[in-house]
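# Geometric and topological summary
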Amino acid sequence: MARHHRYRVTVEHLAPAKEGEALHAPLRFEAINHDEILAIADRLRTRLDYGDDETAQLAIGLKLFGEILLKHREDALFAPLRESFREFIGGLKKLPEREG
């Protein structure tokens, strides 16, 4: 059996968009991924100048979504995204490291 990395993901609502709105309870779930996504987020920080939080959002979001896309690759729902997603990820991998 292939080895996968296991993660617990927690999203905590810190502030509502409008004053007086209630905070949503935290959402916690477990996810598996064939890649070590925290290391990927670290590497992406050396290639993008979006700030640590935005780069982490991008890296983690893409890896979580990509794993679902891979798992359900035969599902017609994902058909319009497959090739574009593959090209986008390929482009990210080719980005050079930033200096400094």
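Just above, that's the structure.
## Side note on the nonpolar core
Buried together is how nonpolar side chains tend to be arranged in soluble globular proteins. Ala41, Leu44, Leu48, Ala59, Leu62, Leu69, Phe78, Phe85 and Leu92 together form the largest nonpolar core, which totals nine residues. If you list the elements that add at least two residues to this core, you get helix H1 (37-45), helix H2 (52-71) and helix H3 (82-94). Of all the elements, H2 adds the most residues to this core, at three residues. Apart from the residues within four sequence positions on either side, alanine 59 is in contact with Ala41 and Leu44.

## Description of a nonpolar patch on the surface
Nonpolar side chains collect at one region of the surface, where Val11, Leu27 and Phe29 lie side by side and expose about 260 Å² of accessible area between them. With respect to the helices and strands, phenylalanine 29 occurs in strand S2 (residues 27-33). Residue phenylalanine 29 is classed as partly exposed on the basis of its relative accessible area, which comes to 33%.

What counts and how
Residues numbered from 1 in each chain as written. Predicted model: local features only at pLDDT ≥ 70, side-chain atom pairs only at ≥ 80, totals over all residues. Heavy atoms only, no water. Core = buried A, V, L, I, M, F, W, Y, C linked by side-chain atoms within 4.5 Å. Buried < 20%, exposed > 50% of the residue type's maximum accessible area, 1.4 Å probe, protein only. Helix = DSSP H or I, 4+ residues; strand = E, 2+ residues; numbered from the N terminus. Contact = heavy atoms within 4.5 Å. Patch = residues over 30% accessible without salt bridge, like charges linked within 9 Å, V, L, I, M, F, W, Y side chains within 5 Å. Areas by Shrake-Rupley, 256 points an atom, 1.4 Å probe, with all protein chains shown as cover. Salt bridge = Lys/Arg side-chain N within 4 Å of Asp/Glu carboxyl O.

Geometric values such as these leave the question of function open.
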